[in-house]
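# Descriptive structure summary
Each chain is listed here by its residues.
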There are 2 protein chains.
Amino acid sequence: MANIRGYNGKILRVDLTRKAVSVEEPKEDFYRRYLGGSGFIGYFLLKELSGGEEPLGPDNKLVFAVGPATGAPISGGGRNSVGARSPLTGGYGEAEVGGYWGTELKQAGYDAIIIEGKADSPVYIWINDDKVEIRDAGYLWGKTTTESQKLIWDELGDSLVRVAQIGPAGEKLVRYACIVNELSHAAGRTGMGAVMGAKNLKAIAVRGHRKITMADPAAVTSLAKQLRDYVKTSRFYQIMSEFGTPGRLVAFSMAGGLPTRNFQSSNFEGAAKIAGETMKDTILVGHRSCYGCAIRCKPEVAVGEPYHVDPINGGPEYETIAALGSSCGIDNLEAIAKANELCTMNGLDTISTGNTIAFAMECFERGILTPEDTGGLELNFGNAGAMVQMVEMIARRQGLGGILAEGVARSARTFGKGAEDFANHIKGQELPMHEPRYKQGMGVGYAIAPTGAEHCNNIHDDSYTRRIVGELASLGVFEPLPAQELSPAKVRMTLYASLWRHLLNCLVYCIFVPLSPSKTAELVEAITGWDTSVFELMKVAERCTNMGRVFNLREGKTREDDYLPRRFFTPLPNEPLRGVSVDRTKLDEAIAAYYGMAGWDENGVPTLGKLQELDIAWVAKCLPERVAARAG
Amino acid sequence: MANIRGYNGKILRVDLTRKAVSVEEPKEDFYRRYLGGSGFIGYFLLKELSGGEEPLGPDNKLVFAVGPATGAPISGGGRNSVGARSPLTGGYGEAEVGGYWGTELKQAGYDAIIIEGKADSPVYIWINDDKVEIRDAGYLWGKTTTESQKLIWDELGDSLVRVAQIGPAGEKLVRYACIVNELSHAAGRTGMGAVMGAKNLKAIAVRGHRKITMADPAAVTSLAKQLRDYVKTSRFYQIMSEFGTPGRLVAFSMAGGLPTRNFQSSNFEGAAKIAGETMKDTILVGHRSCYGCAIRCKPEVAVGEPYHVDPINGGPEYETIAALGSSCGIDNLEAIAKANELCTMNGLDTISTGNTIAFAMECFERGILTPEDTGGLELNFGNAGAMVQMVEMIARRQGLGGILAEGVARSARTFGKGAEDFANHIKGQELPMHEPRYKQGMGVGYAIAPTGAEHCNNIHDDSYTRRIVGELASLGVFEPLPAQELSPAKVRMTLYASLWRHLLNCLVYCIFVPLSPSKTAELVEAITGWDTSVFELMKVAERCTNMGRVFNLREGKTREDDYLPRRFFTPLPNEPLRGVSVDRTKLDEAIAAYYGMAGWDENGVPTLGKLQELDIAWVAKCLPERVAARAG
């Protein structure tokens, strides 16, 4: 086995159809070229799928991957990535998740798991270092994540086992079902939970006892200490630690950036009632962390009657509060916390769930849906009880929930009557809680991201900007640009920021942690012993975005799939952004500029030159004939 | 004045026509975007010229530039760059040079000098910190560099004044005249000395007393110490210190890489007689250095009768020994040392001089030139006396020397009779002493380099490879590739290596010093205090190559100007590379691949996307209409 510091040198392959387990040992240059996480996923999905595999069929592959930073004793290193062809978008699917499971997988001796085929009945995978078993999960099927984790612990007699699992929503193939690590960390986006469900795979339980080798442990420790000292004294991170991600919700709303009532406006009059400060004063009972993190941004909440929320299931983060709160016109934090718990227990992505319910609410208010359709529910904006009930109906595919479980794009087609005008999605994926009229750079990123509307590989070009620009200075981005600007300079910032975030998803490393690019290269060097650089690492990120792009092209996506929903071309109704919309011509120009800067042709197809420059000419062979790569 | 650490924040502008001196103070983002040296030169030449200016007319501009590394107390930091539209190529002209003059300029308080116009009679510029004078140089005109430096010292009463100057060759507008720093360091290539001569500018004398500010002097010192310790113990650098650059000459010849008899073959039977080891055993009397360097690779030689060489004028380096030696079929080291001294005293580029004489020798042997043309000289390969005499004739433009002073491209056109078949030049510039059939990656680099055949911004993909790949590993180049390979992978290595060397020419930093890219970023950070990265720095290098490219396109150069001379498509006659030639189809493919990887279209025109990505969209406006940048 190659002894590659910072890695195990092993990829686990599990064929559920044949119930076969094998281990592969790639060479070091594979590790260096693709790094981990998103890089591995892009590589395996593009190379091992042929295109056209049914996302919810047995031929799709599901990849779990860690990276060199996973399990490193440093804030931000407690993450893993999951990828497959997405049942939500039909394209490249990937989600990032925190917690402890990734570290445990690495300690068990693997850098990735590739899951193939479909079990003939429900199973879970039990990884105990070298021992890998495919076990019966019939008795777990239909159980919530909370129940299921306990049952697995009981069966294995070890409550230190880390469990990544789906809930009933994944089993029922809700297209935006997620995968939950340790009851409160979600690989939320692009429906990875449905892929797992379609494979009859309930959970992956892991226990690892290996020590992760690092080239220069002292250097890692020193970087970790610098980071810890910084986050303890920085006001920004004090807020993050104290209130979690919802700590900026009111500021967003006041700036005109809080998605409200299915993105009809961007200020929510009830913002203060659902903000992090309020949460702290009311329902917050603790802070949860990912492995090794000094920030501890994850809330634990407790709610009594009528909603009853158990802190074991964590608490709502910013995206969740906005999606199930302001976007549904709801200012009842306890109801939001309940909906969050239901999403976690059932394994639903809170962002897509909130968006889908908000979309249904708008349809209801506009008469496209009637009480007959909703089973009598008054599905108006602001109806907290109806929202909570709808989460359960989606998870169980009950009534209207059975349609909404398909996501807003498919629901809109089912509803007809102009519902598509209010269906806010990109490539089929519902939008994160960042208003594209407010953060117009992020809008461009949404339009182009391989996973559809996505915030984990995009820039926040708003009031964070000064911090982001600080981060990006060492990439050659010096000036903050107004959030509503859509210039070539903004596009460049967006491109670089997106590459930077893709890089973090390869490491796999948290996007919140303030490690500059140069320090990040130092970290990779300390872990792997490679003489590396930000240049080399950014090229890995470019490999990622190009592999994702080609994956989507192979699945038939075109230039037309890089767009924003029509809502964002209409003016915002409220101050401070009254009258602001995305200019369609400017967006088209920005997308064209992005393609050009990325080394893609006018149809968004990577040129052969770009792929050769990235040392991945093999990717050109995955392009469909209709868009074969040009040389230039 | 902006206080930019590592810089002075001042650009000196001298208008020789109006005898006006002024100082400009660019903002920090200019410094960060273009860095120095080659970056400044590319910027000023592209921005301030309009295209079509006569290289030897008053409208051409001559730029001297230093960079953040210039004057830093570290091996490799004692360099400066010089640029102008080249009288040799008609395109982008630039030369790099070592010594002490650059450091002195920086200590005098300037980051660059832009020289405009033409003095109505010979002058020199005297820079004494803030005091800048344009002085009469009538009494210096016609004098050798050796004489002239002494006269300037006498006039100024200070032998610590550093002098960059031309010799009689520059005055006589020999198209490959060079600029000489301190009698032995030459800004050799692309005829910068002729541009200086055309401006009636004999010299720039500098004395500076400022302390160069650095953000973190201790970090610079620490890097300097690491480097010093390394070069003192590395066998490679011990050879470099002991024998200078000619230390590898015999190895080159044995590998089939030593240009011999105007590139007719690549082994020279007399190699051992002109090698560094022989020089050490015979004529070497000392080692000269550039500012702050622990390697001290520059020889000082003394030769008695009949050639008489004074060590004050330094000694021949590898390029010189090969160009005036093996390439002329000459194994007489004392004659070569004399020719070198004559080049230095007259201000001739030894590479172009040697090539031009070798070309004339081949023409003579083939009967294209006769004794009538040569003034009776038996200009055969191997005739050391004729070679030495021809150097003087070129410098004075006497007889045949008046034609050869125009370079091989123009001489071949004058001679006719098929002489162009033996005229080895690219874009009008003669080739450095690296055989493109032996180092085929370097051949691609030669073909595309903005300055024409050029080794200072190109890779050596031969037996150095393992060292070079070690250098390039942190750029994502992992595997040494055979020197004779011409694959996309080789092209990628060539592109990255070329960018890396352009970066060194921006810093301005010696290409010989083993500072890895990541350490280089550390050095820039220690000097400037910027949070920078190899990514940001490599983007500066890309700006450079794109500005040079656009400069050439504006001057009418096309895809057809990126080529190799026809000789290199014919097979080498000797072992070990008998039968090896450059494959024309493969070279075409390699050039096309290079364009694609560089973000240029199929005609080698930078795309608008690439220029926008580099944050230099203004460069697109400098493209002539016939090749206006596409968006893609």
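Residues numbered from 1 in each chain as written. Chains lettered and ligands numbered in written order. Predicted model: local features only at pLDDT ≥ 70, side-chain atom pairs only at ≥ 80, totals over all residues. Heavy atoms only, no water.

## Observations regarding the pattern of salt bridges
For the structure shown, the criterion picks out 90 salt bridges over all chains. In this structure, Glu24 of chain A and Arg13 of chain A form a salt bridge, with 2.5 Å as the shortest nitrogen-oxygen distance. One end of the pair, Glu24 of chain A, is in strand E2 (residues 20-24); the other, Arg13 of chain A, is in strand E1 (residues 11-15), with 11 residues separating them in the sequence. For Glu24 of chain A, a relative accessible area of 30% puts it in the partly exposed group. We note a salt bridge from Asp562 of chain B to Lys427 of chain B, for which the minimum N-O separation is 2.8 Å. Within this pair, whereas Asp562 of chain B is found in the loop between helix H22 (534-554) and helix H23 (584-598), its partner Lys427 of chain B is found in the loop between strand E15 (425-426) and strand E16 (429-430), the two being separated by 135 residues in sequence. Accessibility expressed as a relative area gives 7% for Lys427 of chain B, which makes it buried. Salt bridges sharing partners connect three or more residues here, namely Arg13, Glu24, Glu48, Lys61 and Glu116 of chain A. (Salt bridge = Lys/Arg side-chain N within 4 Å of Asp/Glu carboxyl O. Helix = DSSP H or I, 4+ residues; strand = E, 2+ residues; numbered from the N terminus. Buried < 20%, exposed > 50% of the residue type's maximum accessible area, 1.4 Å probe, protein only.)

## Structural notes on the domain arrangement of chain A
Residues and elements named next belong to chain A. Per the domain assignment, the segments making up chain A are domain 1 (11-207), domain 2 (239-430) and domain 3 (440-631). Summarising the inter-unit geometry, the C-alpha centres of domain 2 and domain 3 are found 27 Å apart. Counting every contact that joins domain 2 to domain 3 gives three salt bridges. With its nearest N and O atoms 2.5 Å apart, the salt bridge here joins Glu362 to Arg567. Along the contact surface separating domain 2 from domain 3 lie 11 residue pairs in polar contact (both at pLDDT 80 or more). Elements with a contribution of two residues or more to the side of domain 2 that touches domain 3: helix H9 (249-255), helix H13 (350-365), strand E15 (425-426) and strand E16 (429-430). (Domains from an automatic or database assignment. Polar contact = N/O pair within 3.5 Å; in protein donor to acceptor, adjacent residues only side chain to side chain.)

## Points about the state of the cysteines
Put plainly, two cysteines are in a disulfide when a covalent bond ties their sulfur atoms together. Residue and element names in this part refer to chain B. Applying the stated rule across the entire model yields zero disulfides over all chains. Sulfur of Cys178: no disulfide; nearest cysteine sulfur belongs to Cys343 and is 7.7 Å away. Residue classification places Cys178 among the buried positions, given a relative accessible area of 1%. (Disulfide = S-S within 2.5 Å.)

## Points about the interface of chain A and chain B
The interface of chain A with chain B comprises 36 residues on the first partner and 36 residues on the second. Of the roughly 3000 Å² buried between chain A and chain B, counting both surfaces, carbon and sulfur atoms make up 57%. If you sort the residues of chain A by the area they bury against chain B, Phe478, Phe535 and Glu613 of chain A come out on top, with a joint share of 21%. For the pair chain A and chain B, the interface holds two salt bridges. (Contact = heavy atoms within 4.5 Å. Buried area = accessible area lost by both parts, 1.4 Å probe.)

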